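A look at the structure
Single-letter residue listing:
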Amino acid sequence: MDTIVRSADLRRIVAQWRNGGERVAFVPTMGNLHQGHGDLVRRATQLAERVVVSVFVNPMQFGPNEDFAAYPRTPDEDRALLESLDTDLLFLPEVDEMYPRGQEISTRVQVPDLDGILCGAFRPGHFVGVATIVTKLLNLVQPDVALFGEKDYQQLMIIRRAATDLCMPMEIVGVPTTREADGLAMSSRNRYLSVEQRQQAPRIFAALEAARRAIESGVADFAVLEQAGIEALQKAGFKPDYFSIRDAATLGEPATTADVVIATAARIGRARLIDNVKATPRR
Ligand code: PAF
């Protein structure tokens, strides 16, 4: 695996592969890689001959009071995991490489009807930062396929929409959430949990699953289920930002006939955890 820090080198190497007729898959990450990222890379190796992974903690997607400085950075472990997964190229740019004129005056990408709801309502500007960096990275790599985890469901929807709206000629693939044995969705931010909080954390998935079972057994009063989800999380010691049932295809108000996504974000101690599951209402 080669590690490079310059966009020009990235473009040159990928162009050589493409000229040789090889398909390229791309997995953008913020590092501190865990098995969830491992599953993204494994899927990428099934979809293309060459796999590029980027590790970049993107300042534009962090709010002023968020954890940009504290976000875990583990370059040696990341490199070892990626080597073991047969990654071809690791792109590890510095902030200046991605925002040479400074992020304040750089062009931004906004997906207006999706970025102010759910997490966007609690993290203003977050999804502009995500959509901007992902667009830049996709334009640099120009992969045939790019892969993102379904744990960040809203992020995945926003990236799909940006790619469609901006006519980006690549496939965006969502990969199912990787979970710990007790159901907790894998996340770099799980590191922020104390031993006691870690024991409470699977209650997020349990609350989502309770709502899913109810919907699939015919409960159609989603407002009641949302309130029950909030209360279950509060009882487990969380401060929930939201527990929301949305149309799985649009993130809009759910119809009782289409698939829904049940999504939540909840805070405990230093951690803000997100998770979601899909459900098919009984018809
Ligand atoms: O999901 C992430 O790790 C990040 O939001 C992403 C997609 C790499 C953009 O910085």
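Everything here concerns the structure above.
The text that follows walks through the structure, step by step, so that each part is easy to find. (Residues numbered from 1 in each chain as written. Predicted model: local features only at pLDDT ≥ 70, side-chain atom pairs only at ≥ 80, totals over all residues. Heavy atoms only, no water.)

Digging into the nonpolar core
Counting residues in hydrophobic clusters, the biggest one holds 47 residues, and the most contacted among them are Leu 10, Val 52, Met 98, Leu 138 and Ile 172. Contributing elements (two or more residues each) for this core: helix H1 (7-19), strand E2 (24-29), strand E4 (89-91), helix H6 (126-141), strand E5 (145-149), helix H7 (153-165) and strand E8 (260-268). Among the elements that line this core, the one with the most residues is H6, at nine residues. Look past the residues within four positions of Leu 10 in its chain and what remains in contact with it is Ile 4, Val 52, Leu 89, Phe 91, Leu 140 and Val 141. Of all hydrophobic cores here, the second largest spans 31 residues; its members include Ile 204, Ala 207, Ile 215 and Ala 279. (Core = buried A, V, L, I, M, F, W, Y, C linked by side-chain atoms within 4.5 Å. Buried < 20%, exposed > 50% of the residue type's maximum accessible area, 1.4 Å probe, protein only. Helix = DSSP H or I, 4+ residues; strand = E, 2+ residues; numbered from the N terminus. Contact = heavy atoms within 4.5 Å.)

Quick notes on the packing of H1 against H6
The interhelical angle for the contact between H1 and H6, taken along N-to-C directions, is 45°, at an axis separation of 8 Å. Compared by their axis directions, H1 and H6 come out oblique. Contact residues: H1 offers Ser 7, Leu 10, Arg 11 and Val 14, while H6 offers Asn 139, Leu 140 and Val 141. Among the residues making up the contact of H1 with H6, the classes are represented as four nonpolar, two polar and one charged. (Axes fitted to C-alpha atoms, helices over the stretch in contact; angles between N-to-C directions. Parallel < 35°, antiparallel > 145°, perpendicular 65-115°, else oblique. Nonpolar A, V, L, I, M, F, W, Y, C, P; charged D, E, K, R; others polar.)

Quick notes on empty space enclosed by the protein
Considering all chains together, one arrives at two cavities of 30 Å³ or more under this definition. If you add up the space inside the largest cavity, you get close to 40 Å³. Lining the largest cavity are Leu 184, Ala 185, Ser 187, Asn 190, Ile 204, Leu 273, Ile 274 and Asp 275. By volume, the second largest cavity is sized at about 30 Å³. Elements that contribute at least two residues to the lining of the second largest cavity include exactly H6 and H7. (1 Å grid on protein atoms, 1.4 Å probe; cavity = no way out; pocket = protein on both sides within 12 Å on 5 of 7 lines; lining within 4 Å. Points joined across faces, edges and corners; volume = space filled by probe spheres on them.)

Concerning the sheet that holds strand E9 (residues 271-279)
The strands making up a sheet associate through backbone hydrogen bonding, with each pair oriented either parallel or antiparallel. Spatially, E7-E8-E9 is the arrangement adopted by the three strands of the open sheet, whose pairing is antiparallel. In this open sheet, the two edge strands, each paired with only one partner strand, are strand E7 (239-247) and E9. Pairs of neighbouring strands in the sheet enclose a mean axial angle of 10°, with direction left out of account. Pairing between E8 and E9: nine bridges, direction antiparallel. Residue pairing in the sheet places Ile 262 in a bridge with Val 277 of E9. Packing of helix H9 (residues 203-216) onto the sheet brings it into contact with E7, E8 and E9, and relative to E9 it is tilted by some 20°. (Pairing = 2+ DSSP bridges.)

Thoughts on the packing of aromatic side chains
Under the criterion given, the structure shown has four aromatic pairs. Ring geometry for Phe 62 versus Phe 68: centroids 5.4 Å apart, planes at 65°, classification edge-to-face. Overall, the relative accessible area of 27% leaves Phe 68 in the partly exposed class. Here Phe 62 and Tyr 71 contribute two aromatic rings whose centre-to-centre distance is 5.8 Å and whose plane-to-plane angle is 75°, an arrangement assigned as edge-to-face. A network of ring pairs unites the aromatic residues Phe 62, Phe 68 and Tyr 71 as a single cluster. In this arrangement the basic side chain of Arg 73 is found over the ring face of Phe 68, its NZ or CZ atom lying 4.9 Å from the centre. (Phe/Tyr/Trp six-rings, centres within 6.5 Å; stacked < 30°, edge-to-face > 60°. Lys NZ or Arg CZ within 6 Å of the ring centre and 35° of its normal.)

A short note on the pairing of strand E3 (residues 50-55)
Here E3 lies mainly inside the structure; five of its six residues are buried. Taken together, the six bridges between E2 and E3 define a ladder with parallel strand orientation. In the strand pairing of E3, Val 27 is matched with Val 53. In terms of handedness, the path from E2 via helix H2 (residues 35-47) over to E3 forms a crossover that is right-handed. As judged from the three bridges shared by E3 and E4, these two strands associate in the parallel manner. Across the sheet, the residue bridging to Val 53 is Leu 90, located in E4. Following the backbone out of E3, through helix H3 (residues 75-84) and into the adjacent parallel E4, one traces a crossover that is right-handed. (Right-handed = clockwise from strand over helix to strand, strands pointing away.)

Read these as layout, nothing more, since geometry by itself doesn't imply function.
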